[in-house]
Amino acid sequence: MEYISIPFGYVMKFCYSILSNYGLSIILFTFFTKVILFPVSLWTHKNSVNLLRIQPQINFIKAKYFGNKDRISDEEMALYKKEKYHPFANLIPMFLQIFLLMCVIEIIYKPLTFVLSMDKGTVDIIVNTIADALNLDKQSNSIQLSVIQEIKNGFTINGVDLSSIKSLDLKFLCFDLSAVPSKSKGIMLLVPLLAGLSSLALCLFQNKMNPLQAEQAKLEKLLTNVLSVGISLFLGGFVPVGIGLYWIFSNLFTMLQQVILNIVIKPSKYVDYKLLQESRDALESVSSASKSRRFKLTPEEKKKEKQDYKRFFSVANKHLVFYSENGGFYKYFKKTIEYLLENSNVIIHYVTSDYNDSVFELEKKHKNLRAYFIGEKKLISLFMKLDADIVVMTMPDLDNYHLKRSYVRNDIEYIYMFHGALSVHMVNGINYFTNYDTVFCVGDYQIDELRKQEEIYNQKHKKLVKCGYGQLENLYERYCEMNIRKNEKPKILIAPSWQEDNILDSCLDKIIGELVGKGFNIVVRPHPEYKKRYSQRLEAIVNRYSGKYNDLNFELDFSDNSSLYNSDIIISDWSGAAIEFSFATLKPCVFINTPAKVYNPEYTRLGIEPMEITMRDVIGKSFDVDKLDGLLNSIEKILENLDYYSKIILDTRDKYIANFGKSGEISGRYIINALIEKQRKSKENIND
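Residues numbered from 1 in each chain as written. Predicted model: local features only at pLDDT ≥ 70, side-chain atom pairs only at ≥ 80, totals over all residues. Heavy atoms only, no water.

A. Region of interest: the pattern of salt bridges. Inspection of every chain in the model, using the stated rule, returns 29 salt bridges. A salt bridge links Glu76 to Lys62; its shortest N-O distance comes to 3.9 Å. Residue Glu76 is found in helix 4 (residues 69–83), and its partner Lys62 is found in helix 3 (residues 38–64); the two are separated by 14 residues along the sequence. Asp411 is paired through a salt bridge with Arg409; the nearest N and O atoms lie 2.8 Å apart. Judged by its relative accessible area of 40%, Asp411 falls in the partly exposed class. Here the salt bridges share partners, and the residues they tie into one network are Lys304, Asp308, Arg311 and Glu363. (Salt bridge = Lys/Arg side-chain N within 4 Å of Asp/Glu carboxyl O. Helix = DSSP H or I, 4+ residues; strand = E, 2+ residues; numbered from the N terminus. Buried < 20%, exposed > 50% of the residue type's maximum accessible area, 1.4 Å probe, protein only.)

B. A look at helix 8 (residues 143–152). Taken as a whole, helix 8 has its buried residues at Ile143, Gln144, Leu145, Val147, Ile148 and Ile151. Those residues of helix 8 that are buried are in contact with helix 5 (92–109), helix 6 (111–114), helix 7 (120–134) and helix 9 (163–167). After helix 8 finishes, the residue Gly154 shows a positive phi value of roughly 115°. (Contact = heavy atoms within 4.5 Å.)

C. Local environment of the packing of helix 5 against helix 14 (residues 241–264). Put simply, helix 5 and helix 14 touch, their axes get as near as 9 Å, and they point 145° apart. For the crossing formed where helix 5 meets helix 14, the hand is right-handed. Taking contact as the criterion, the partners of Gln97, Leu100, Leu101, Val104, Ile105, Ile108 and Tyr109 in helix 5 are, on helix 14, Gly242, Ile243, Tyr246, Trp247 and Ser250. Considering only residue class, the contact of helix 5 with helix 14 consists of nine nonpolar, three polar and no charged. (Axes fitted to C-alpha atoms, helices over the stretch in contact; angles between N-to-C directions. Left-handed = near helix turned anticlockwise from the far one by under 90°. Nonpolar A, V, L, I, M, F, W, Y, C, P; charged D, E, K, R; others polar.)

D. Representation of the state of the cysteines within the structure. Using the criterion set out here, one finds zero disulfides in the structure. Looking at Cys467, it has no disulfide partner, and the nearest cysteine sulfur is the one in Cys441, 7.6 Å off. The buried category is assigned to Cys467, whose relative accessible area is 3%. (Disulfide = S-S within 2.5 Å.)

E. Local environment of the sheet that holds strand 13 (residues 569–572). A sheet is described by the order of its strands in space; here six strands give the open sequence 12-11-10-13-14-15, paired in parallel fashion. At either margin of the open sheet sits one strand with a lone partner, and together these are strand 12 (552–554) and strand 15 (620–624). Taken pair by pair, the neighbouring strands of this sheet meet at an average axis angle of 20°, ignoring direction. Bridge count between strand 11 (residues 521–524) and strand 12: three bridges; the pairing is parallel. Along strand 12, the bridge assignment pairs Ile522 with Leu552. (Pairing = 2+ DSSP bridges.)

F. Up close: the pairing of strand 5 (residues 369–373). With four of five residues buried, strand 5 lies mostly within the body of the structure. Pairing of strand 4 (residues 348–352) with strand 5 involves five bridges; the strand directions are parallel. Among the inter-strand pairings, His349 is bridged to a residue of strand 5, identified as Arg370. What joins strand 4 to strand 5 is helix 19 (residues 359–365), and the crossover it makes is right-handed. (Right-handed = clockwise from strand over helix to strand, strands pointing away.)

G. Molecular detail of a nonpolar patch on the surface. A cluster of nonpolar side chains, Met1, Ile4, Phe88, Leu91, Met94, Phe95, Ile98 and Met102, forms an exposed patch at the surface whose accessible area comes to about 770 Å². Position of Leu91 relative to the elements: it lies in the loop between helix 4 and helix 5. Overall, the relative accessible area of 36% leaves Leu91 in the partly exposed class. (Patch = residues over 30% accessible without salt bridge, like charges linked within 9 Å, V, L, I, M, F, W, Y side chains within 5 Å. Areas by Shrake-Rupley, 256 points an atom, 1.4 Å probe, with all protein chains shown as cover.)

H. Just unusual backbone geometry, in detail. Despite not being glycine, Ser20 shows a phi value in the positive range, around 55°. With respect to the helices and strands, the residue Ser20 is situated in the loop between helix 1 (6–19) and helix 2 (22–36). With relative accessibility at 57%, the residue Ser20 sits in the exposed group. The backbone of Leu586 shows a phi angle near 60°, a positive value even though the residue is not glycine. Take Leu586: it is sitting in the loop between helix 28 (576–585) and strand 14 (589–593). Of the residues examined, Leu586 reaches a relative accessible area of 19% and is grouped as buried.

I. Here's a closer look at a negative patch on the surface. Residues Asp272, Glu278, Asp281 and Glu284 make up a contiguous surface patch of negative charge. Looking at where Glu284 falls in the secondary structure, it is placed in helix 16 (residues 273–294). On the accessibility criterion, Glu284 (49% relative accessible area) is partly exposed. (Lys, Arg positive; Asp, Glu negative; His and termini not counted. Charge placed at Lys NZ, Arg CZ, Asp CG, Glu CD.)

J. Local environment of the packing of aromatic side chains. Evaluated as defined, the whole model comprises 32 aromatic pairs. A centroid spacing of 6.2 Å and a plane angle of 80° characterise the contact between Tyr432 and Phe433, whose relative ring orientation is edge-to-face. When its relative accessible area of 12% is taken as the criterion, Tyr432 is described as buried. Using a relative accessible area of 1% as the deciding quantity, one classes Phe433 as buried. Grouping aromatic residues by their ring pairs yields a cluster made of Phe14, Phe31, Phe32, Phe249 and Phe253. Of note, Arg616 hangs over the ring of Trp574, and the distance from its end group to the ring centre comes to 3.7 Å. (Phe/Tyr/Trp six-rings, centres within 6.5 Å; stacked < 30°, edge-to-face > 60°. Lys NZ or Arg CZ within 6 Å of the ring centre and 35° of its normal.)

K. Layout of the environment of Phe329. Turning to its location among the elements, Phe329 is positioned in the loop between strand 3 (318–324) and helix 18 (330–343). The exposure class assigned to Phe329 is buried, which follows from its relative accessible area of 13%. Each residue touching Phe329, except ones within four places of it in the same chain, is listed here: Ser324, Tyr350, Thr394 and His419.

L. Spotlight on the packing of helix 7 against helix 8. The contact between helix 7 and helix 8 brings their axes to 10 Å, and the two run at 75°. Looking at the two axes, helix 7 sits roughly perpendicular to helix 8. Here helix 7 contributes Val123, Ile126, Val127, Ile130, Ala131 and Leu134 to the contact with helix 8, which in turn contributes Ile143, Gln144, Val147, Glu150 and Ile151. The residue inventory of the contact of helix 7 with helix 8, partitioned by class, reads nine nonpolar, one polar and one charged. (Parallel < 35°, antiparallel > 145°, perpendicular 65-115°, else oblique.)

M. A look at the sheet that holds strand 6 (residues 388–393). Read from one edge to the other, the open sheet built from seven strands follows the order 5-4-3-6-7-8-9, with strand pairing classed as parallel. The sheet is open, and its two borders are formed by strand 5 and strand 9 (463–466), each paired with just one other strand. With direction set aside, neighbouring strand axes in the sheet form an average angle of 20°. Pairing analysis gives four bridges linking strand 8 (residues 438–441) to strand 9, with the strands arranged parallel. In the strand pairing of strand 9, Phe440 is matched with Val465.

N. View of the side chain of Ser406. Take Ser406: it is sitting in the loop between strand 6 and strand 7 (413–417). According to the relative accessible area criterion, Ser406 is buried, its value standing at 10%. A distance of 3.1 Å separates the side chain of Ser406 from the backbone nitrogen of Arg409, its partner in a polar contact. Every residue in contact with Ser406, bar those within four places of it in the chain, is listed here: Phe383, Met384, Lys385, Leu386, Ile412 and Tyr414. (Polar contact = N/O pair within 3.5 Å; in protein donor to acceptor, adjacent residues only side chain to side chain.)

Have a look at this one:
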């Protein structure tokens, strides 16, 4: 530090040479450091404003990919690069402050070296002579200060000119700048108090004037204030008063500096504070929903979770376990479970994180079905301790985040079952399925995509079983049972996804403007997730159209899906439900080409076009957002040729969806055979 402090020592010497007052020199030195480092402060201020400018985009990214840390990180880094934001730049002032403080400490402790500029040889003679004579600690940080005091008290050294030392006044006002308040006490204790007050004043000032600090949460501001004041009290109390003086005026000059920075680069000129608040609300909505869903359990839920957790692990030799994230996921397992219950004696252990899951009612009807409620927090330990032969799930990213493969058994076969009929490489991350052993695929297209992904990314070779898609069979059976009558007026259902720039946010006005008053019954059914995340935005949209058109209605009750089935045509963007609607009812769709759901930006590396892109102009027609003028004419032509589209859609379904009507049998037989094979190997190992 002695060598590093030399440049700042020259600044201190210059200040002392023109003022001849040690205290005023420290104040002037503090001011000069702010001036010298102002360009750096301006750069970091600009970087802070830039961060606030892009903060809405960051918040929307976090809300959109909530829970997917890798994707959020990738999206943020891409945004930083695009907007030329340096994420570590805001740490520079802190490091500079620490660096400067260390230099100041060095300078204050060694006035012979830095203020009087004595050569090292002379300093060593003075220090060694006095230290040896008075038995002082030469290694003490304050040895030069002690030596100066002794010389001022009359200590002399033959052959050494001590006049400059005797003339060095370490007093400022009524304070001894070489004294340590915690030792000297008395009036010196005012220094740590003033240091703490100056720090508190700076914090309160920055809470309003510093663009980044002003946007911090209240708790974050409080923690910053407490930490800053605590450091200031320590600096003021346990180091020489001169250092405390520097710290006090550094805080005061920083306030002045912040005012100048805000004048040079005015934050409000670059930051959209209204959009920033909207993005915060969106992120808070997702975060609150996640917290309440994942961790907050009622006393009744806690009691059942405790009982079911104990009951689950009381069963030895579990062969088959299903895990469902919530009650809405049973429909994806339904066909498989039904086949197993009817064609085997295997006990199915069904773990769900939904206290109100309908599986608990089914459990009463089937002796081989055992259901357990385990909240997502407790689920972490359950997965770690799993002891079973096969585990079937619809949740991707096994072992990548909180849900791990079992630490107890390494031979469990983990099977992934799709909850959508889309391609795997655009709407799923690269490593979504990496840690599964087996994947129940909807059709050949998913097998081709997964194999290509394994090849390109050198992933584990998995068993890929062409099963089909049970949920589509559920939808088809329900549609057939409904005996839907022909609508008096053609019914058009607008059913967008909830992703960014969906129909509701990008082109709803244009679509309604094209179709309203043209003899249709138009129903807008937002995605449930959109209603949950952006309730205020949705309310504004509904109010905008309320009572305006007799042939337009908004459907906000999602408990009944009948509107999906009795529609003549669906308008959607990238909702997988629209494709399922077409395949179940053989009715066409109109797709609006809003920005696609892309969770894997490298999906084009596979060289395979996702099926959800390929079929957009096969099972209906697609339109670009800015080219909707021909929408009415196209819908009228489609409605005139429904029989033609029904045949096309049926052929397309047969091409993509394997084993339609038999998915439960295919998947169920695979599980039964896999369990038999595991038992056979287990017996062989016992015999060996």
